[in-house]
Amino acid sequence: MTEEPPVVFIVEDDPSFRTFLQRLVSLLGLRCETFTSAEAFLSNARPDTPGCLVLDIMMPGLSGLELQRELSWGQVSLPIIFITGHGDIPMSVQAMRAGAVSFLTKPLRNQDLLDAIREAINLDRTARERRAEIASLRRHYDALTAREREVFAWVVAGLLNKQIAVELGTSERTVKAHRSQIMKKMQAESLAELVRMADKLGITPPHASKGR
Amino acid sequence: MSSPGGEHEASPEVTELRRQVDALRRALAEEALKSSESRLGLIFHGVSDLLFLIGVEAGPQFRCLAVNHSYLKRTGWTQEQMAGKLIEEILPPEQAQCVIKKYTAAVQSRTPSTFEESAEVPAGRLVMETTLRPVFDGQGNCTHLLGASQDVTERKRMVKALHQYEARYRTVSELVSDYAYAVRLEPNGREVLEWVTEAFSRITGFSVQDLAAGVGLDRIIHPEDMPRVCQRLRVLLSGQPGVSEHRIITKSGEIRWLRDYSSPEWDTTQGRVVRIIGAGQDITEQKRVEEALRESEERYRNLFENANDALATFTLDGTITAVNHAMERLLGWSRAELLGQHVSKVATPASVAFAAERTWRFLIGERLPSSTFEAELISKDGRLMLVEARTRAIRNADGKPVGFQGIYRDVTERKRMEEALQASEEKYRTIFAASPDFIYLTDTEGNMLDANPALLKRAGLSLEHLRQRNVREFYAGGKPEELEQLLAELRSGHGLKGVEVKARSLAGEIWDYEINAIPLGNPGEVFLSVARDITERKRMEAALRVSAQRYRAVVETQTELVCRFLPDTTLTFVNEAYCRSFGKSREELLGTSFLSLIPEPARSVVKARLESLIAQPRLVISEHEVIAAGGDIGWQQWTDQGILDDTGRLTEFQSTGLDITERKRAEEALQQLQAELAHVSRVSTIGEMTASIAHEVNQPLGAIVGNADLCLRWLTREPPDLVQVRDALCDIITDGHRASEVIARIRALIKKEHSPKTRCDMNEIIGETIALASYEMRRKHITLRTELAPDLPPVFGDYVQLGQVVLNLIMNGIEAMSGVEGRARELTLRSGRSGAGGVLITVRDCGVGINPDEVKQIFAAFYTTKPGGIGMGLAICRSIVEAHGGRLWARPTAGPGATFHFTLPADSEGR
């Protein structure tokens, strides 16, 4: 997994401020892509690199907040730094709740923005790493047979092989075999690791039907 | 004219007077004689005096002893009745007593006494002057009384007459001023005035002394008459008497006429005239009378000759003795042809006979009923003429009629008139019967005599019943004395004209009448009255009065100014209100240009308007400033209309004006108020836009601050990145300007002062407003579409206020779309030309739209749908647009939203 150089996306309708933002980002030595509207940003294919979005909150057409919503719906995880000419509290609350990294008011201190960009990129990088781990776990999980996934759920729920056999109406021995297969396929060293994986994958243990 | 001889022949009176005077003198002489005779003169019985002898007896008693014949004759007593009888036996007791008393006194006094006595004697009443002389015997006893009585009855009468004549003579001589003189002619030729009467001095003014001192004839005689007087003298000296009339100049210079009779006294021994005796009189007055008479006769002749009436004189038998010119003209005969001719030559036999009969009746002393009669005359050409003749007798000196003088007037024309009159009378009858006016006759007391059918109908009476009534019973005027006065007026012979009275019909209805009335016949016989029902007219008059008053009230309070002026602005007519308005008299205004009444800045506009009117005559209403009375600047509204002549050329303007100063002031105040309200509204709008504005300002500020910070970083590098610094600084400058522009825009919008109206490009205003509202639109995610016409005509107005209208409509649109989800929030701004050649601006949103019921309400003040709005925005917009002469209205948009339109008139050159 090779680390791509991070990119800063700028969506700002005011040309003057856009130019300024460009200049500032290049000061960090980061790649920078500018868009004049939210729509333009959305319609553009985004390189799979870590990065952040510097977004003017007031724009004709889709506003910054609306773009934020669009992105979250599209499962796009990109840290957003909002910039506003005249921020008001409800707007900033809404933005932060929706996961904005930072909310800056014009005129801003350059350093604040630079810090915000750096932080956002780090955030994104971390997020990206997490997303990559989950994706590998998912691949392993996808390799399990249906019976193995059943057993997997009961295992991470903390049931003994014998109990699982009862639940599944099979023998303890069979359960044991599935269990070792699961461990192998998931590349898990221990039950504890397997439970962590299940947690990352969001597998919730099934309800024990009887014997409780 | 009296004859000179008549004056000197003694008049009968004078002759008689002289005779009496002589008799008197004789009688006196005889008496004197008798008194000097002895007491028993022989002539006792012979004298005419009444003598009597009384014997004085003891007692004393007086016995009449003797009376003479004269006595008996005069008294009528007989010898027997007197002689030997005592006085008491002769006379009645009282008379006797009286006589005895006198006789006793005479005896006692022993001297003669004279007394007057009157006595009743058989011959009648006698007045006697009696002288009693006592006669004494040798012893000195009074034995007898001798009485001598004179019958003074006659003398008394004569004395009285004499006194009268003397008085008369004195008067006459004073008046007549006769004078007399005598001049002696000396052998040497000298004339010596022997004597002259006082009268001469009185007439001439020269006294006897003056004449004696040598005032000669040459001084007295009028120079013009001197030759005549000298001629007279020569005749006189030849021994011939004569008369002359000549003028003299009196001492005081007055001219008088004298008639002088003089006769020479011839001395045969000397063979020459030795004396001239003359007498004369002042005939100045007579001359004057003569002259007056002459003039009078002349006048009479002139009058006779030149009278318009034809005049002629006739003898009693009808021979024409004189005619005048008018007569000649009337008859066509000449004077020569008429004189001496009989009247039958010119009159019809009937007229001649009638005239003859009149003459006869006149001569026998009958009084003719009238001096005027009608006669028919025949002119020379045979035309028959009707004349009115008026004749008078001509009398001679004895008063005996000797002829006639006639005045003839052609009445042919008058006759025709009379006939016409008769016809007119018939007409009167017709009118009487048919007239709707009420005609009636009354006697002098107002008793009804006759009335026409109209009156009877109105009165509700038959003629018979009406005749029993008096006008007073119909009078309803409330002032009976008024009616009495009218009747009195008629009685005095005056007509009534247009007298208005109220009268009552039998049914009690009261009507107004106008009465015209005249007395007919001999004054005060009968009154003819015509009454016209003027009730309706009165009502109309009353209505008219009210109307007139109303009209007058309108006219008097009329404030409209009226004037007429020539195309070069010279005033030809101004009304009272016009004069008042400018505080100038009509004389001051007429003939001058009214431009001097307009302040300099407004003149060119007025001139331009008139020029356009001359080029294209029409009715134009305009408003402009004027210099009103007292020099104040006022406003007037004028309606100018050109007056064209027959050829269609404009000759004059007729204008009516109104003083609209107050209105203008109110308008200005309103404008001021509206401007303030607009300002408040703008400020409020700005308030609503605070966020946008902050953004608009922060945008460039943010860039500036950021770029500046970058610059610092670049400069602190080693080496500094100057290229980057320069670029950033350029941007900083641009953004600085941008920020200041935003500030300026806002300042312009919220500044309070009233900006002057200028020529504005609506597209520019829209652009500026969009710039201001752009962030608001961004903020509300509104897409703006503009469709601005490139060839938009300019408008004339307040830049800020027009911008405010656009901003308000944009903000309204933004507001309307703020709640819209699920469709495009699009605001469209469009500019273009309006139908009338002005500008049409459209602002269209696709918001909530307008309920059609609310289309009208939305422009009302305080109408709002916004929780925080004051509801003035649209109301202010409309008042601004209308103040600019435009219109603002709203329509629901086809599809969602609403559309606002407003128009503005294009800025014209003339304005």
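Please read all numbers here as calculations on a predicted model, not as lab measurements. (Residues numbered from 1 in each chain as written. Chains lettered and ligands numbered in written order. Predicted model: local features only at pLDDT ≥ 70, side-chain atom pairs only at ≥ 80, totals over all residues. Heavy atoms only, no water.)

> Give me the overall build of chain A: which residues, what numbers.
A tally of regular secondary structure across chain A gives 9 helices and 5 strands. Helices and strands in chain A line up, N terminus first, as β-α-β-α-β-α-β-α-β-α-α-α-α-α. Nonlocal contacts in chain A, meaning residues at least 24 apart in sequence, comprise 62% of its contacts between residues at least 6 apart. (Helix = DSSP H or I, 4+ residues; strand = E, 2+ residues; numbered from the N terminus. Contact = heavy atoms within 4.5 Å.)

> How would you summarise the pairing of strand S6 (residues 142-151) of chain B if you had to cite specific residues and measurements?
All names here are of chain B. Looking at chain direction, strand S1 (residues 50-57) and S6 are connected through 6 bridges and run antiparallel. In the sheet register, leucine 53 faces S6, and the bridge partner there is leucine 146. A loop of 5 residues connects strand S5 (residues 124-136) with S6, the two strands running antiparallel in sequence, and glycine 140 in this loop sits at a positive phi of about 85 degrees. (Pairing = 2+ DSSP bridges.)

> Can you tell me about the interface of chain B and chain A, naming the residues and giving the values?
Contact with chain B, which involves 26 residues of that partner, is made by 25 residues of chain A. Together chain B and chain A conceal approximately 2100 Å² of surface at their shared face, both sides included; 55% is due to carbon and sulfur atoms. Summed over the shared surface of chain B and chain A, the number is 2 salt bridges. One salt bridge in this structure joins arginine 738 of chain B and aspartate 14 of chain A, with 2.6 Å as the shortest N-O distance. For the pair chain B and chain A, the interface holds 9 residue pairs in polar contact (both at pLDDT 80 or more). Of all the secondary structure elements, the ones that give two or more residues to the side of chain B that touches chain A are helix H26 (690-716), helix H27 (722-750) and helix H28 (762-779) of chain B. (Buried area = accessible area lost by both parts, 1.4 Å probe. Salt bridge = Lys/Arg side-chain N within 4 Å of Asp/Glu carboxyl O. Polar contact = N/O pair within 3.5 Å; in protein donor to acceptor, adjacent residues only side chain to side chain.)

> Describe in detail the sheet that holds strand S12 (residues 310-315) of chain B, supporting the description with residues and values.
All names here are of chain B. The 5 strands are arranged S13-S12-S16-S15-S14 in an open sheet whose pairing can be described as antiparallel. Two strands lie at the open edges of the sheet, namely strand S13 (320-323) and strand S14 (372-378), each paired on one side alone. Across this sheet, the average inter-strand angle for adjacent strands is 35 degrees, counted without regard to direction. Taken together, the 6 bridges between S12 and strand S16 (residues 401-410) define a ladder with antiparallel strand orientation. Counterpart to threonine 315 in the pairing with S16 is glycine 403. (Axes fitted to C-alpha atoms, helices over the stretch in contact; angles between N-to-C directions.)

> Lay out the sheet that holds strand S4 (residues 113-121) of chain B with the relevant residues and their values.
All names here are of chain B. Spatial strand order, S3-S2-S1-S6-S5-S4: 6 strands in an open sheet with antiparallel pairing. Lying at the two open borders of the sheet, with one neighbouring strand each, are strand S3 (85-86) and S4. With respect to the sheet, helix H6 (residues 93-109) is in contact with S1, strand S2 (61-67), S4, S5 and S6, its orientation differing from that of S4 by roughly 165 degrees.

> Before we move on, could you go through helix H15 (residues 349-363) of chain B and cite the residues and values that matter?
All names here are of chain B. A rise of 1.5 Å per residue sets the reference length of H15, with its 15 residues, at 21 Å; its end C-alpha atoms lie 21 Å apart and thus fit the reference within 8%. For H15, every residue scored as buried is listed here: Ser351, Val352, Arg358, Thr359 and Arg361. One or two steps after H15, the chain reaches glycine 365, where phi turns positive at roughly 90 degrees. (Expected span 1.5 Å × (residues − 1). Buried < 20%, exposed > 50% of the residue type's maximum accessible area, 1.4 Å probe, protein only.)

> Could you give me a rundown of the side chain of threonine 828 of chain B, with the residues and numbers involved?
All names here are of chain B. Position of threonine 828 relative to the elements: it lies in strand S30 (residues 826-833). The buried category is assigned to threonine 828, whose relative accessible area is 5%. Leaving out residues up to four positions away in the same chain, threonine 828 has contacts with Arg785, Glu787, Thr842, Val843 and Arg844.

> Break down the side chain of glutamate 117 of chain B for me, with residues and values.
All names here are of chain B. Looking at the element boundaries, glutamate 117 is found in strand S4. Despite its burial, glutamate 117 pairs with no opposite charge, the nearest such side chain being lysine 102 at 4.5 Å. A distance of 2.8 Å separates the side chain of glutamate 117 from the side chain of threonine 130, its partner in a polar contact. In contact with glutamate 117, other than residues within four places in its own chain, are Val99, Lys102, Leu126, Val127, Met128, Thr130 and Ser149. (Lys, Arg positive; Asp, Glu negative; His and termini not counted.)

> Requested: an account of the pattern of salt bridges, with residues and values cited.
Where charged atoms from two side chains of opposite charge come close, those side chains can pair. All names here are of chain B. One pass over the full model with this rule turns up 42 salt bridges over all chains. A salt bridge links arginine 472 to glutamate 484, with the nearest nitrogen and oxygen atoms 2.6 Å apart. Of this pair, arginine 472 sits in helix H19 (residues 471-474) while glutamate 484 sits in helix H20 (residues 480-491), placing them 12 residues apart in sequence. Arginine 472 gets classed as partly exposed once you look at its relative accessible area, which sits at 29%. Residue glutamate 484 is classed as partly exposed on the basis of its relative accessible area, which comes to 31%. For glutamate 787, the salt bridge is made with arginine 785, and the minimal N-O distance between the two is 2.8 Å. With relative accessibility at 31%, the residue glutamate 787 sits in the partly exposed group. The network of salt bridges with common partners includes Glu224, Asp225, Arg228 and Arg247.

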